[in-house]
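The primary structure of each chain is shown beneath.
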Amino acid sequence: MRQQMLPYGRQSIDEADIAAVTAVLRSDWLTTGPMVAEYERAFAIAVAAEQAVALSSGTAALHACMFALGISVGDEVLVSAMTFAASANCVAYQGGTPVFVDVEPDTLLISPTAVEARITPQTRAIVAVDFAGQPCDYGRLRAIAQRHGLPLVADGCHALGAKQGSKPVGILADLTAFSTHPVKHITTGEGGVVTTNNAELAQRMRHFRNHGITTDHRQREQLGSWVYEMVELGYNYRITDFQSALGISQLKKLAGWIECRQKIAREYDAAFGESDLVSPLTVRPDANHAYHLYVVRLNLENLRADRRKIFAALRAEGIGVNVHYLPVHLHPYYRCRFDTQPGLCPAAEAAYERIISLPIFPAMNQADIEDVITAVRKVTEAFRA
Ligand SMILES: *Cc1c(COP(=O)(O)O)cnc(C)c1O
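Let us look at the structure shown here. (Residues numbered from 1 in each chain as written. Predicted model: local features only at pLDDT ≥ 70, side-chain atom pairs only at ≥ 80, totals over all residues. Heavy atoms only, no water.)

Surveying the vicinity of the ligand reveals 15 residues, the closest of which are G58, T59, D155, S179 and K184. Here an oxygen atom of the ligand and a side-chain polar atom of Y325 are 3.4 Å apart. Protein burial of the ligand: of its 380 Å² of free accessible surface, 91% is covered by the chains. Looking at the shell around the ligand, the elements with two or more residues in it are helix 3 (58-68) and helix 4 (86-93). Ranked by the residues each element gives to the shell around the ligand, the list is headed by helix 3, at three residues. (Near = heavy atom within 4 Å. Polar contact = N/O pair within 3.5 Å; in protein donor to acceptor, adjacent residues only side chain to side chain. Areas by Shrake-Rupley, 256 points an atom, 1.4 Å probe, with all protein chains shown as cover. Helix = DSSP H or I, 4+ residues; strand = E, 2+ residues; numbered from the N terminus.)

In space, the three strands of this open sheet follow the order 7-6-11, with antiparallel pairing throughout. Two strands lie at the open edges of the sheet, namely strand 7 (167-168) and strand 11 (287-288), each paired on one side alone. Bridge count between strand 6 (residues 163-164) and strand 7: two bridges; the pairing is antiparallel. Pairing of Q164 across the sheet is with K167, part of strand 7. (Pairing = 2+ DSSP bridges.)

Here we take up the side chain of D17. Within the secondary structure layout, D17 lies in helix 1 (residues 15-25). Judged by its relative accessible area of 0%, D17 falls in the buried class. Side-chain polar atoms of D17 contact the side chain of S249, separated by 2.6 Å. (Buried < 20%, exposed > 50% of the residue type's maximum accessible area, 1.4 Å probe, protein only.)

Moving on, we come to the pairing of strand 3 (residues 97-101). In terms of residue burial, strand 3 counts as a mostly covered element, since four of its five residues are buried. Bridge analysis of strand 2 (residues 76-80) against strand 3 gives five bridges, and the strand direction is parallel. Each residue of the ladder has a partner; that of E76, found in strand 3, is T97. Once you follow strand 2 into helix 4 and on to strand 3, the crossover reads as right-handed. (Right-handed = clockwise from strand over helix to strand, strands pointing away.)

All right, on to the nonpolar core then. Ranked by internal contacts, the top residues of the largest apolar core, which has 91 residues, are Y39, F43, M66, M82, V115, F131 and Y138. It is helix 3 that contributes the most residues to this core, eight residues altogether. Sequence-distant contacts of F43, defined by excluding residues within four places in its chain, comprise A52, L160, F178, I186, V193, T195 and L251. Counting 32 residues, the second-largest nonpolar core is a separate cluster that includes A271, Y294, L298 and I319. (Core = buried A, V, L, I, M, F, W, Y, C linked by side-chain atoms within 4.5 Å. Contact = heavy atoms within 4.5 Å.)

Centre-to-centre distance and the angle between the planes together describe a pair of aromatic rings. Taken as a whole and judged by the stated rule, the model has 15 aromatic pairs. Centre to centre, the rings of F43 and F178 are 5.2 Å apart; their planes meet at 55°, and the pair counts as tilted. One end of the pair, F43, is in helix 2 (residues 34-46); the other, F178, is in strand 8 (residues 175-179), and 135 residues separate them in sequence. Residues Y334 and F338 carry aromatic rings whose centres are separated by 5.6 Å and whose planes lie at 20° to one another, so their mutual orientation is stacked. With Y334 and F338 both in helix 12 (residues 332-338) and four residues apart, the pair spans about one turn of that helix. Taken as a pair, Y334 and F338 share a single burial class, namely buried. What links up through ring pairs into an aromatic cluster is the set F67, F208, Y235 and Y237. When the ring centre of Y352 is taken as reference, the NZ or CZ atom of R307 above it lies at 4.7 Å. Lying over the aromatic face of F338, R337 brings its terminal NZ or CZ to 4.4 Å of the ring centre. (Phe/Tyr/Trp six-rings, centres within 6.5 Å; stacked < 30°, edge-to-face > 60°. Lys NZ or Arg CZ within 6 Å of the ring centre and 35° of its normal.)

Have a look at this one:
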């Protein structure tokens, strides 16, 4: 048993990161300065996109996507049921209706067949979620979106650094939202980015994050002008320059961190691939998986305990397992406000009863990895039916 709880994810911060942040703290610009645009350029390059818009959180990034697409009252937006609430909340912020779509049981990625079945004349967009860090089936999703004239949004908050074939997450959909919360692939403390090849949507999101004002403070200073105009109802969703500097420094380490995550995943695959008590999720053949999460499903048929008991036993072993996610339509807010009921997305609901996320983050050492494998084996064998 471990003395210290191993978390399911955590950031890696080095001296270069700290130096980058302190340099900005000593400069003239703490916010809306030159680092933001530099971060956006670096982020766009990292995912091979033409545009990146940095915001204060992944949630703000998703909200900006819905705003840029003009989602409003009466509009329906299809959203994967197996995700963090923010993927759907962004639709509700705009007064739209999230319509929950079931997932494929083996990957927990949005089912293209279920997407097509939920399209109505009110549907205005599709939000796919690259669950755990694996790209969705964008080939089929793009074809469906095109056929129905719908924009495709990727919630890529799990999937910075992932690819489908040779194409990075960030250009597989019309708009892709990322988060830089400390559990994600790179961190700026709080932060988010939207990437796109659509310059017009990028411009709308830049206004949106700055109150709907058409020029920012620095542009005004360059123009020597006090004039500004608010043309839309935006928000203050700006990111600071010191966060942007941290982001630039963190991005340099992304590729190495993805390799670390993939190496840990290969060890878990080898340990659990043949198990009759737990099964890893399926990885699609063309996926280069970024492994924000490593999720196993408990084979409850072969176990005498439910997920609650096994979860508690793993925590007692010092393994900071987690559950991602309660399907969004089962949260009380959605059940009350949108009348979503159990049974709406059966595959997501069935998966929820048996999923556990194991610790995975670049700073894990070999002993940590082995502790997880040993604990999962010990606990599941103890409950073998
Ligand atoms: C983390 C996350 C978000 C929200 O990101 P924040 O930066 O915490 O606002 C949205 N969607 C998914 C799938 C996430 O994992």
